[in-house]
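Working through the structure, step by step
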Amino acid sequence: DLSFLKQLWKIACSDEFQSIRWVDDGVFVAMNEEMFKREVLARRGPGRVFELESMESFHCQLDAHGLRKLPEASNSSDSRDEFPTEEATAPAPRKLLHFYYDPIFKRDHPQVLARCKPR
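Attention here is on the structure that accompanies the text.

Thresholds applied
- Residues numbered from 1 in each chain as written.
- Predicted model: local features only at pLDDT ≥ 70, side-chain atom pairs only at ≥ 80, totals over all residues.
- Heavy atoms only, no water.
- Helix = DSSP H or I, 4+ residues; strand = E, 2+ residues; numbered from the N terminus.
- Contact = heavy atoms within 4.5 Å.
- Buried < 20%, exposed > 50% of the residue type's maximum accessible area, 1.4 Å probe, protein only.

Examining the environment of Glu-16
Mapped onto the elements of the fold, Glu-16 is located in the loop between helix H1 (3–13) and strand E1 (20–23). Between the C-alpha atom of Glu-16 and that of Glu-39, which follows or precedes it by 23 residues, the distance is 9.7 Å. Residue contacts for Glu-16: discarding those within four places in its chain leaves Glu-39 and Arg-43.

Considering unusual backbone geometry
Its identity is not glycine, yet Asp-24 carries a phi of approximately 50°, on the positive side. The residue Asp-24 is located in the loop between E1 and strand E2 (28–32) in this model. For Asp-24, a relative accessible area of 35% corresponds to the partly exposed category. Look at Asp-25: it is not a glycine, yet its phi comes out positive at around 60°. Since its relative accessible area comes to 69%, Asp-25 is described here as exposed.

Put into structure tokens, the structure is as follows:
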């Protein structure tokens, strides 16, 4: 089922969501997971994005589709400054950001989503 990947790609590209972004020229997806829970997973009704309610389920879907969480050491990216925080004046602390990667799943190649298969 590619709807998960399509939705993930779509929300990472969208300005509507502040908790998830493409970073490093669209190679990685960076996520502030606490904000993501409130902004995306807590949505109900017509605005609902995923049929998931917990980060554990979301992580299972990421894993099933081949997106791997990068080790904490990878959080050295300066992309963290692109994320708003609860207090918009302070940069997002590195420990709140998590980076996900798959060699096929990239911002500039949405056409390859059709070739991705759940693992």
